[in-house]
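What follows is each chain in one-letter form.
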Protein chains: 2
Amino acid sequence: MNQKEYIEKNKDRFLDELVEWLKIPSVSADSKHKEDVKKAAEFARQSLLKAGVDNAEICETAGHPIVYGEKLIDSSLPTVLVYGHYDVQPPDPLDLWNSPPFEPMIKDGKIYARGSSDDKGQVYMHVKALETMVNTNTLTCNIKFMIEGEEEVGSDNLGIFVSENKEKLKADVILISDTSIINNETPSITAGLRGLSYMEVEVVGPNRDLHSGVYGGAVNNPLNVLCEMIAKLKDEDGKITIPGFYDKVQELTKEERELMAKQPFDIHDYKSDLGVEDVFGEKGYSTIERTGIRPTLDVNGIWGGYIGEGAKTVLPSKASAKISMRLVPNQDTDEIADLFSNHFKSLAPKSVKVKVTKHHGGQPVVTDIYSSAFLAASEAFKEAWGKEPIPTREGGSIPIVALFREKLGLDSVLLGFGLDSDALHSPNEHYGLFNFYKGIETISLFYKYFKG
Amino acid sequence: MNQKEYIEKNKDRFLDELVEWLKIPSVSADSKHKEDVKKAAEFARQSLLKAGVDNAEICETAGHPIVYGEKLIDSSLPTVLVYGHYDVQPPDPLDLWNSPPFEPMIKDGKIYARGSSDDKGQVYMHVKALETMVNTNTLTCNIKFMIEGEEEVGSDNLGIFVSENKEKLKADVILISDTSIINNETPSITAGLRGLSYMEVEVVGPNRDLHSGVYGGAVNNPLNVLCEMIAKLKDEDGKITIPGFYDKVQELTKEERELMAKQPFDIHDYKSDLGVEDVFGEKGYSTIERTGIRPTLDVNGIWGGYIGEGAKTVLPSKASAKISMRLVPNQDTDEIADLFSNHFKSLAPKSVKVKVTKHHGGQPVVTDIYSSAFLAASEAFKEAWGKEPIPTREGGSIPIVALFREKLGLDSVLLGFGLDSDALHSPNEHYGLFNFYKGIETISLFYKYFKG
């Protein structure tokens, strides 16, 4: 039986297994789910063992555990380190899900569940690719798995683990499926990822909530102030106004921008898919450029005052927001966090106090599209899809790609099979069954072409 | 026994009774508390009966009921209609209360509980004043009580009730205790109240929550947009920028402003009480003027995106805020609501949709300080406090004062005994026992001086 036949024969079981994993609400950001996260890790370990690794272990960290497994067949052969994560984003807002986030539902050729695309569904393709290669005697590389449980909260303990296990993690390349292709007719490989700086700000006015009638007009309202400060972070052209913010942004050449413009993209479809009458972003750049090669600043959450039913005439003591910036080469996550922090504080009037704290961040990366691993991935795509994949720049961040380069000296190939429309981080996250099976096939072929 | 002796003799019982009323969480804004609101109404009815009214009834409305009671002693004597409310503000944020909001706590001469000052504590002074007058044979007016349960949510059904019961509510003046005095050494009577327009806005961008990495930079973020729109509602001098907003604002004369400036007020104490380094408000006006004779615009609540623990990189579909404006004579609540609505919508970029809804509002009022009722109140203060009360303008709104004038042709006297520091609408709301007892005494004396 060849790889393709093996996948076809076992496809229902592959999906059933994934469904079981998706049922575990491994929300890393929420301490209520600590035990679920543990359970999802153990599920991953068991899955690796069943797929044919020599051994698999749960590696404890200061936070959520890392699952490590390996199948070492021949030290003269190249070694591939597969990275992924088994933790998922919080499912809120729950009321917008058509089916419960942790009760996977298969509908219209897609599996709906939190984590279906990001990243359990994509990790599971690697597990099943291993099983496929083992059972069809086509494994031609050593293979290591490192599946973490803190990707959605900043991978804080992964860096420590990597530093402490350099020998164990020795490999020739890292393979990661946590990105998207352009569409199911247009395969692509992500060649660049944005970085991230994620901040939380708090504006404090009076020492208690006040009656807006008694004090309104005379005491500065932290909610108004927060809005005014946030509004000042961008100008009318969508440029971020933080001094020094763009200083290290790598500008692309005219040729590179022309190449990007050739990607299939229809702005009408894009707008109609999102239900917006117009897009908006940094002046002078296209939508693809705005999400690929330009940095951003987005408010991810805001809260303060009375948010219940009806009306309450309160002048609140505090206002808060979560604000994140996507970064591009060669911006530095810590430097941008500091620039933000200093600038934001400088915007505060004397009538309020401001606190800025840093959540996790990540460095932006660009990968080498001429490396042997990238070329092997291209060949795998050509064989499985009958088309050469297009190298793209993706807007999201996988902070650990920069970390792996720094700590392990290893490049990553971002062999993702999701779609931008998968509703990652949103209600009704889903993953196409076509993508799931085609991914297993493509990944299995990668090993054939990868010679180290 | 004279009034003062009677109050002194019964003071502990008066307080115990009030405590029982304060234990009922009659939060009118929250439908969960519908039964509690009913219970508080029944408590009010029973209290009136015990205090000596001839009859007291629960009057059902489309919303929460109104408690009506009357003691008619002689049709040739003047009639006083006492208005108050038994509903309270929501107690959120609960974690900032030092003792639970519905478990009244007496500490340092104050009673801490939601509603202690606004308005159960103040209404109860009238109930106990009636009891005092009845039991000391000093009642020299007919007296009617109308205690509603929807003041904190806009008194929507009170207008209907008043219109339908004009005969029943016939009186010479309305007496309301829902305001403050300057301080316990400086008695005052509120001669002006601001009006209110209370709006809720929703900004909708994409039709679903998006991944801020995949879409950030290319799709306008409703949270950023909401902040930008709110920021545009005021300029750097604290002036509200809504076209036409100030058109009908009554400017005070130089003499009137000089008189206001004579009120005892210490800006250092004010700032240190609130814990702010600086105050902020409309340029060209003092703090007293900003809260008394100038209109305002405050964000009372804002929410959207991810507001849980940790970090979530979401570009949310929706952002919302509650925004209210305090109005001064001769601004009109409906007109201002319309001006706001039109202007706010005009600020929206094409990339979002905006919805504006109106919550309750109220007209601003100024009362006649030379009316016989106002003068009777002044005399009562002089006798009880040994000082002439100062007429003040208060920042809060009691929308029904304008309604009473319109529907019943009656003026109100705002005989409130609270303090601005009572933490109305805030955690740890409280009411001074001194104010409670002195209020009963002053109210009882009002009837002696009021000759219709």
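Residues numbered from 1 in each chain as written. Chains lettered and ligands numbered in written order. Predicted model: local features only at pLDDT ≥ 70, side-chain atom pairs only at ≥ 80, totals over all residues.

With respect to the overall build of chain A
Working step 1: Tallying secondary structure elements over chain A gives 13 helices and 18 strands in all.
Working step 2: Radius of gyration (C-alpha) of chain A: 23 Å, near the 22 Å computed for a compact globule of 452 residues.
Working step 3: Here the C-alpha coordinates of chain A stretch approximately 80 × 50 × 45 Å along the principal axes.
Working step 4: The buried share of chain A, reckoned over its 452 residues, is 57%.
Working step 5: The contacts in chain A between residues at least 6 apart in sequence include a share of 78% that link residues at least 24 apart. (Helix = DSSP H or I, 4+ residues; strand = E, 2+ residues; numbered from the N terminus. Rg over C-alpha atoms; globule rule 2.2 N^0.38 Å. Buried ≥ 20, exposed ≤ 12 C-beta atoms within 10 Å, placed from the backbone. Contact = placed C-beta atoms within 7 Å.)

Section: the interface of chain A and chain B
Working step 1: Contact residues are listed per partner, giving 82 residues for chain A and 82 residues for chain B.
Working step 2: At the level of secondary structure, the elements contributing two or more residues to the side of chain A that touches chain B comprise β10 (210-211), α5 (212-215), α6 (222-231), α9 (287-292), β11 (298-305), β12 (314-315), β13 (318-327) and β14 (353-362) of chain A.
Working step 3: Broken down by element, the side of chain A that touches chain B gets its largest block of residues, eight residues, from β11(A).
Working step 4: Judged from the five bridges that link them, β11(A) and strand β11 (residues 298-305) of chain B form a sheet pairing that is antiparallel. From the neighbouring strand, A:I302 faces β11(B), where its bridge partner is B:G304. (Pairing = 2+ DSSP bridges.)

Considerations on the relation of the copies chain A and chain B
Working step 1: You can overlay chain A on chain B at an RMSD of 0.0 Å; the transform is a turn of 180° with a shift of 0.0 Å along its axis. The operation mapping one copy onto its partner corresponds to a two-fold rotation axis.
Working step 2: When the interface residues of chain A are mapped onto chain B, 100% of them again fall at the interface, so both copies present the same face. (Least-squares fit on C-alpha atoms with pLDDT ≥ 70 in both.)

Some points on the sheet that holds strand β4 (residues 105-107) of chain B
Residue and element names in this part refer to chain B.
Working step 1: Strand order across the open sheet formed by three strands is β4-β5-β18, with antiparallel pairing between neighbours. In this open sheet, the two edge strands, each paired with only one partner strand, are β4 and β18 (430-432). The sheet shows a mean angle of 25° between the axes of neighbouring strands, taken without regard to direction.
Working step 2: Summarising the sheet, strand β5 (residues 110-112) and β18 pair through three bridges and their orientation is antiparallel. Bridged to Y112 within β18 is H430.
Working step 3: Against the sheet, helix α13 (residues 433-449) contacts β5 and β18, and its axis sits at roughly 60° relative to β18. (Axes fitted to C-alpha atoms, helices over the stretch in contact; angles between N-to-C directions.)

Quick notes on the environment of A:E406
Working step 1: Note on placement: A:E406 falls in helix α12 (residues 400-408).
Working step 2: Along the sequence, A:E406 and A:K353 sit 53 residues apart, while their C-alpha atoms lie 38 Å from each other.

Considering the environment of B:G63
Residue and element names in this part refer to chain B.
Working step 1: Considering the arrangement of structural elements, one finds G63 in the loop between β1 (55-59) and β2 (66-71).
Working step 2: With 20 C-beta atoms packed within 10 Å, G63 lands in the buried category.
Working step 3: Sequence-wise, G63 and L158 are 95 residues apart; in three dimensions their C-alpha atoms are separated by 9.4 Å.
Working step 4: Aside from chain neighbours lying at most four places away, what touches G63 is E150, D156 and N157.

With respect to the sheet that holds strand β4 (residues 105-107) of chain A
Residues and elements named next belong to chain A.
Working step 1: Ordered by their spatial adjacency, three strands build an open sheet running β4-β5-β18, and the pairing between neighbours is antiparallel. Strands with a single pairing partner mark the edges of an open sheet, and in this sheet they are β4 and β18 (430-432). Within this sheet the neighbouring strands show an average axis-to-axis angle of 25°, counted without direction.
Working step 2: Across the sheet, helix α13 (residues 433-449) is in contact with β5 (110-112) and β18; its angle to β18 comes to roughly 60°.

Overview of the packing of helix α2 (residues 34-51) of chain B against helix α3 (residues 120-135) of chain B
Residue and element names in this part refer to chain B.
Working step 1: Here α2 crosses α3 at 15°, and the two axes come no closer than 8 Å. In terms of their interaxial angle, α2 and α3 are classed as roughly parallel. Here the hand of the crossing between α2 and α3 comes out right-handed. Between α2, through S47, L48 and A51, and α3, the contact on the second element is made entirely by V127, K128, L130, E131 and V134.
Working step 2: Broken down by class, the residue content of the contact of α2 with α3 amounts to five nonpolar, one polar and two charged. (Parallel < 35°, antiparallel > 145°, perpendicular 65-115°, else oblique. Left-handed = near helix turned anticlockwise from the far one by under 90°. Nonpolar A, V, L, I, M, F, W, Y, C, P; charged D, E, K, R; others polar.)

A few points about the domain arrangement of chain A
Residues and elements named next belong to chain A.
Working step 1: As far as domains go, chain A holds domain 1 (3-193 + 365-449) and domain 2 (195-249 + 292-362).
Working step 2: Listed as interface residues are eleven residues of domain 1 and, on the opposing side, ten residues of domain 2.
Working step 3: When grouped by side-chain class, the residues that make up the side of domain 1 that touches domain 2 number four nonpolar, four polar and three charged. (Domains from an automatic or database assignment.)

Details of the environment of B:K32
Working step 1: Mapped onto the fold, B:K32 is located in the loop between α1 (3-22) and α2.
Working step 2: Each C-alpha atom of the pair B:K32 and B:A348 lies 35 Å from the other, and the pair is 316 residues apart in sequence.

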